[in-house]
Amino acid sequence: MRRPLYFLAFLLLCWQTSFAQGPGFLMGIRLNGGEATENQVPGTLNQQYAYPTEEEVEYYYRKGFQLVCLPFRWERIQKALGEELNANDVAAMRKVMGWCNSRGMKVLLSMHNGGRYRRYGIDFILGSATVPRSDFADVWNKVANVFSGYNNLYGYEIMAEPHDMQSFDWQQSAQAAITAIRDADRRSTIIIAGDNFAAADTWNEYSDKLRNLTDPQDKLLYNAHCYFDNDFTGRYLYSFDQNKAEDQTGVKRVAPF
């Protein structure tokens, strides 16, 4: 398969206590592919979507990256709610874990569903009767049981960019996943993205109550996104002036978070 891979570099600042022997600052990269072609879900592995190859892992290892964020879609790793994990996707993700482990690179597993699960060709919001929180807890418990044994597992981003959750409270869903993960893994960090696409500038409005989440291991990190262009897309299609940017644009947008 020839696939378009999109790479988003990110820096993850974490507490020194998260790993006793390592640095407190990791330079990481998100290796897209497992969540690709969202209009073809679940799709077929290595046709509509694919996970990184060892050559890609090696390339970024040589560039100095210490952390790989590995995105995946819920409908692919678990093709029906409540069932066992899809063996093909698990095997592909295990390979990436192993390649990273042999190079001393940590891995963050990241579910890219925007707070939804697609059934019958329709995206149903997490927390609804069609996609209950118990199923969200179930999949994360199973993922943690499979991958918690890897000593290079950094943690789990339980949902990237949840948005438009309507009356289906994201905090309650996040807490269900945290509790389920801790039944299987007491060591790894759990990443919580804010609501409204994890936007930093609207954190007070959409995500402030996430501070009330509880983790018996006290290893929660919160994830916010901030873009400096006028349409908040991060595409930067126009000039500085056309984007109505100021010297303090980034500072102002991050401040609520």
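It should be emphasised that the depicted structure is a prediction, and the values quoted were computed from it without experimental measurement.

Draft legend 1. Representation of the side chain of Lys142. Looking at the secondary structure, you find Lys142 in helix α4 (residues 133-147). A relative accessible area of 14% places Lys142 in the buried class. In terms of polar contacts, Lys142 uses its side chain to reach the backbone carbonyl oxygen of Glu83, at 3.0 Å. Sequence-distant contacts of Lys142, defined by excluding residues within four places in its chain, comprise Gln78, Gly82, Glu83, Glu84 and Leu85.

Draft legend 2. How the structure looks around the packing of α4 against helix α5 (residues 170-182). Taken N-terminus to C-terminus, the directions of α4 and α5 make an angle of 35°; their axes are 8 Å apart at the nearest point. Both α4 and α5 take part in a crossing whose hand is right-handed. Within the contact between the two elements, α4 uses Arg133, Phe136, Ala137, Trp140, Asn141 and Ala144 and α5 uses Trp170, Gln172, Ser173, Ala176, Ala177, Ala180 and Ile181. Grouping the constituent residues of the contact of α4 with α5 by class yields nine nonpolar, three polar and one charged.

Draft legend 3. Highlighting helix α1 (residues 54-62). Along α1, the residues that are buried comprise Glu56, Val57 and Tyr60. The buried residues of α1 occupy an angular sector of 100° when the element is viewed end-on, so they sit on one face. The exposed set on the far side of α1, more than 90 degrees from its buried face, consists of Glu55 and Arg62.

Draft legend 4. Spatial organisation of the pattern of salt bridges. Counted according to the given criterion, the structure contains 13 salt bridges. Here Arg182 makes a salt bridge to Asp215, at a shortest N to O gap of 2.7 Å. Of the two residues, Arg182 sits in helix α5 while Asp215 sits in the loop between α7 (203-206) and β9 (220-223), which places them 33 residues apart along the sequence. Side by side, Arg182 and Asp215 carry an identical accessibility label, which is buried. For the salt bridge of Asp208 with Arg211, the shortest nitrogen-to-oxygen distance reads 2.6 Å.

Draft legend 5. Here's a closer look at the nonpolar core. Core analysis: the largest hydrophobic core is formed by 51 residues, its most contacted members being Leu109, Phe136, Trp140, Ile158 and Trp170. Setting aside anything within four residues of it in sequence, one finds Ile158 in contact with Met111, Phe136, Trp140, Trp170, Ala174, Ala177, Ile181, Ile190, Ile191 and Ile192. Membership of the second largest hydrophobic core comes to seven residues, among which are Leu67, Cys69, Leu108 and Leu221.

Draft legend 6. Quick look at the packing of aromatic side chains. The final tally for this structure, using the stated rule, is 12 aromatic pairs. Geometrically, the ring pair formed by Trp74 and Phe136 is tilted, given 5.6 Å between the ring centres and 50° between the ring planes. On the criterion of sequence distance, the pair formed by Trp74 in helix α2 (residues 74-77) and Phe136 in helix α4 is long-range, its members being 62 residues apart. For the pair Trp74 and Phe136, a shared accessibility class is recorded, and that class is buried.

Draft legend 7. Quick look at the state of the cysteines. Summed over all chains, the structure comprises zero disulfides. Unpaired in this structure, Cys69 has its nearest cysteine sulfur neighbour in Cys100, at a distance of 11 Å. For Cys69, a relative accessible area of 4% corresponds to the buried category. A residue is classified by how much of its surface remains accessible, and Cys100, at 0% relative accessible area, is buried.

Draft legend 8. Fine view of unusual backbone geometry. Following Val41, the chain continues into Pro42 via a peptide bond in cis, with omega recorded as 5°. Along the chain, the position of Pro42 falls in the loop between β2 (25-31) and α1. Its identity as a non-glycine residue notwithstanding, Thr37 has a phi of 45°, on the positive side. Residue Gln166 is not a glycine yet carries a positive backbone phi of 55°. Position of Gln166 among the secondary structure elements: in the loop between β7 (153-157) and α5.

Here is what the cut-offs are and how they apply
- Residues numbered from 1 in each chain as written.
- Predicted model: local features only at pLDDT ≥ 70, side-chain atom pairs only at ≥ 80, totals over all residues.
- Heavy atoms only, no water.
- Helix = DSSP H or I, 4+ residues; strand = E, 2+ residues; numbered from the N terminus.
- Buried < 20%, exposed > 50% of the residue type's maximum accessible area, 1.4 Å probe, protein only.
- Polar contact = N/O pair within 3.5 Å; in protein donor to acceptor, adjacent residues only side chain to side chain.
- Contact = heavy atoms within 4.5 Å.
- Axes fitted to C-alpha atoms, helices over the stretch in contact; angles between N-to-C directions.
- Left-handed = near helix turned anticlockwise from the far one by under 90°.
- Nonpolar A, V, L, I, M, F, W, Y, C, P; charged D, E, K, R; others polar.
- Arc of directions from axis to C-beta.
- Salt bridge = Lys/Arg side-chain N within 4 Å of Asp/Glu carboxyl O.
- Core = buried A, V, L, I, M, F, W, Y, C linked by side-chain atoms within 4.5 Å.
- Phe/Tyr/Trp six-rings, centres within 6.5 Å; stacked < 30°, edge-to-face > 60°.
- Disulfide = S-S within 2.5 Å.

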